[in-house]
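What the coordinates show
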Amino acid sequence: MTKIIVTGAAGFIGSHLVNILLQQGEEVIGIDEFNDYYDPLLKRKNLATFENSPNFTLVEGDIQFLDLSKLFQDVEIVYHQAAQAGVRNSWGQGFRAYTERNINTTQVLLESAKDAPNLRRLVFASSSSVYGDAETLPTDEEISPKPVSPYGITKLAAERLCGLYHKNFGVPFVSLRYFTVYGPRQRPDMAFHKFFKAVLQDEAIPVYGDGQQTRDFTFISDIVAANLAAGSLPEAVGEIFNVGGGSRVVLAEVLDTMAEIVGKPIKRNHIDKAMGDARHTAADVSKAQKILGYRPQVSLREGLQQEWEWVKSLYL
Ligand code: NAD
């Protein structure tokens, strides 16, 4: 049994990761502060799927103020998912939460990681937003990152901190740059969740810009698989990997697929393009394929169907 820490354990991605690790018989310490970026009740629901497992311990609090050196004592793997996500709120007043939860929190974690006696991996949840409007699509990890949002800046800063602690103190980090993750438990501020909810309430879907933006949507179970590989394969240490869904899709086409799934036309309300949103994202996943054995398994239609079932169970 491996002792593992998952930060952001009650969030969308962290909670799925905990589910799988417990299924695999590991011992998991989940850290989360249940902040109110979105309804903490949703996080409690995520947590309810594993909180009574005998191999699970919850540590509730802000990572910046926890006694991490004690927690890290015999931990072998840390999956660092906790962060302030979301591009749009990272402008203006909101920025402080991004510097604290993304940069400062990661720095504090790395300080403890450098002295942790048994640590063999720290997997950092990075983001495609570090690329901004990348000149080459699909984008590989070699391209120079040029974030177009304050959120992207903070994720890049945190990723670079991981690199510094690796170089100077040997912290065995791996960075995974996720491309738009979706599926059951998706955050309520994310597009598909908002879209399906609007359908249920018979409201028009808010579409930023002309709907011709493209995204590389990645299903949650593929993200979890990439994390497990990054947490175990020695060749991954010190490396950065794109984790995408394997194909680039025009948003307007996704809405057509959604309409087929929900069985009725979807009303669209076009609103101004959001500042900080990249026009196109597409992951070149050949490095993850080669080193992590990563291959996205879930098609967009199949993944959307699963998210639709979950959104219905949440709101109906
Ligand atoms: P989420 O908001 O659902 O989960 C993050 C969790 O971290 C929350 O439950 C929050 O309460 C917790 N948290 C934040 N700061 C904390 C702190 N200082 N101490 C303790 N707990 C704290 O977000 P998510 O969508 O699951 O994203 C997980 C990670 O993946 C984040 O690092 C995010 O930047 C990254 N990411 C997500 C996506 C996506 O599409 N969802 C894409 C790229 C990268």
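You'll find the structure just up there.
Values in this document were obtained by computation on a predicted structure and should not be read as measured data.

A few words now on the overall build of the chain. Helix and strand content of the chain: 10 helices and 13 strands. Computed over the C-alpha atoms, the radius of gyration of the chain is 19 Å, within 12% of the 20 Å expected from 2.2 N^0.38 for a compact globule of 316 residues. Along the first, second and third principal axes, the C-alpha atoms of the chain reach 55 × 45 × 40 Å. Relative to its 316 residues, the chain shows a buried fraction of 55%. Residue pairs in contact within the chain that sit at least 24 positions apart in sequence constitute 82% of those at least 6 positions apart. Carbon and sulfur atoms make up 50% of the accessible area of the chain, which totals about 13500 Å². Here the chain contributes 32 positively and 38 negatively charged side chains, and the mean placements of these two sets differ by 2 Å.

A separate point is the packing of helix 1 (residues 12-23) against helix 7 (residues 220-232). Closest axis-to-axis distance for the helix 1/helix 7 pair is 10 Å, and the angle between their directions is 65°. Handedness of the crossing formed by helix 1 with helix 7: right-handed. On the side of helix 1, the interface is formed by Phe12, Ile13, His16, Leu17, Ile20 and Leu21, while helix 7 contributes Ile220, Ile223, Val224, Asn227 and Leu228. Taken together, the residues of the contact of helix 1 with helix 7 sort by class into nine nonpolar, two polar and no charged.

Another point: the pattern of salt bridges. The final tally for this structure, using the stated rule, is 17 salt bridges. The partner of Lys312 in a salt bridge is Glu309, and the shortest N-O contact between them spans 3.5 Å. Note that Lys312 and Glu309 are positioned in helix 10 (residues 300-315) at a spacing of three residues, about one turn of the helix. Classification of Lys312 by relative accessible area gives partly exposed; the value is 24%. Salt bridges here are not isolated pairs; linked through shared partners, they connect Glu111, Lys114 and Asp115.

As a packed pair, helix 4 (residues 95-115) and helix 5 (residues 150-169) sit with axes 9 Å apart at the nearest point and diverge in direction by 10°. Taken together, the axis directions place helix 4 and helix 5 in an arrangement best described as roughly parallel. Along its contact with helix 4, which presents Phe95, Tyr98, Thr99, Asn102, Ile103, Thr106, Gln107, Leu110, Glu111 and Lys114, the element helix 5 presents Pro150, Tyr151, Thr154, Lys155, Ala157, Ala158, Leu161, Cys162, Tyr165 and Phe169. A breakdown of the residues in the contact of helix 4 with helix 5 according to their chemical character gives 12 nonpolar, five polar and three charged.

Criteria and thresholds
Residues numbered from 1 in each chain as written. Predicted model: local features only at pLDDT ≥ 70, side-chain atom pairs only at ≥ 80, totals over all residues. Heavy atoms only, no water. Helix = DSSP H or I, 4+ residues; strand = E, 2+ residues; numbered from the N terminus. Rg over C-alpha atoms; globule rule 2.2 N^0.38 Å. Buried < 20%, exposed > 50% of the residue type's maximum accessible area, 1.4 Å probe, protein only. Contact = heavy atoms within 4.5 Å. Areas by Shrake-Rupley, 256 points an atom, 1.4 Å probe, with all protein chains shown as cover. Lys, Arg positive; Asp, Glu negative; His and termini not counted. Charge placed at Lys NZ, Arg CZ, Asp CG, Glu CD. Axes fitted to C-alpha atoms, helices over the stretch in contact; angles between N-to-C directions. Left-handed = near helix turned anticlockwise from the far one by under 90°. Nonpolar A, V, L, I, M, F, W, Y, C, P; charged D, E, K, R; others polar. Salt bridge = Lys/Arg side-chain N within 4 Å of Asp/Glu carboxyl O. Parallel < 35°, antiparallel > 145°, perpendicular 65-115°, else oblique.

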